[in-house]
Amino acid sequence: VQVVESGGGLVQTGGSLRLSCAASGSIFDFNVMGWYRQAPGKQRELVATMSSIGVTNYADSVKGRFTISRDDAKKTVYLQMNSLEPEDTAVYYCNLRNGHLIPRDYWGQGTQVTVSS
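Notes on the structure follow. (Residues numbered from 1 in each chain as written. Predicted model: local features only at pLDDT ≥ 70, side-chain atom pairs only at ≥ 80, totals over all residues. Heavy atoms only, no water.)

**Looking at the nonpolar core**
- By size, the foremost hydrophobic cluster in this structure holds 28 residues, and its most contacted members are Trp35, Val47, Phe66, Ile68, Leu79, Met81 and Tyr92.
- At the level of secondary structure, the elements contributing two or more residues to this core comprise strand E3 (17–24), strand E4 (31–38), strand E5 (45–51), strand E7 (66–71), strand E8 (76–81), strand E9 (90–98) and strand E11 (111–116).
- If we skip the residues at most four places from it in the chain, Leu79 touches Leu17, Arg18, Leu19, Trp35, Val47, Ala48, Phe66, Thr67, Ile68 and Tyr92. (Core = buried A, V, L, I, M, F, W, Y, C linked by side-chain atoms within 4.5 Å. Buried < 20%, exposed > 50% of the residue type's maximum accessible area, 1.4 Å probe, protein only. Helix = DSSP H or I, 4+ residues; strand = E, 2+ residues; numbered from the N terminus. Contact = heavy atoms within 4.5 Å.)

**Structural notes on the state of the cysteines**
- Within the structure shown, the criterion is met by 1 disulfide.
- Across the disulfide, Cys21 is cross-linked to Cys94 (sulfur-sulfur distance 2.0 Å). Of note, the bridge from Cys21 to Cys94 carries an S-S torsion of about -80° and is left-handed in sense. Of this pair, Cys21 sits in strand E3 while Cys94 sits in strand E9, and the two are 73 residues apart along the sequence. (Disulfide = S-S within 2.5 Å.)

Next comes the structure, spelled out in structure tokens:
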């Protein structure tokens, strides 16, 4: 199983970006795909996740600004980021939690998002 992110970049405050993450390999029917981020000097934190049954979870700091979605036919999860702030600057990592009883985590290589003030 592999996950590969794309879509990061440099944007001004108030701008938008859309991240994509494509998974490949053997994906179980129940899984959770999502996004985490890590800013310099800080721990990796959850941004948003979405399960294969449609349950979503967002960090309080991004609620109302970010939207997670997925296309299971393409094994792809998206993160639409609007109203970006300098505090959103980080490396964004895609995560696939594969399976239910004994889930296994897979991580992408990360994509840089930089929001200039």
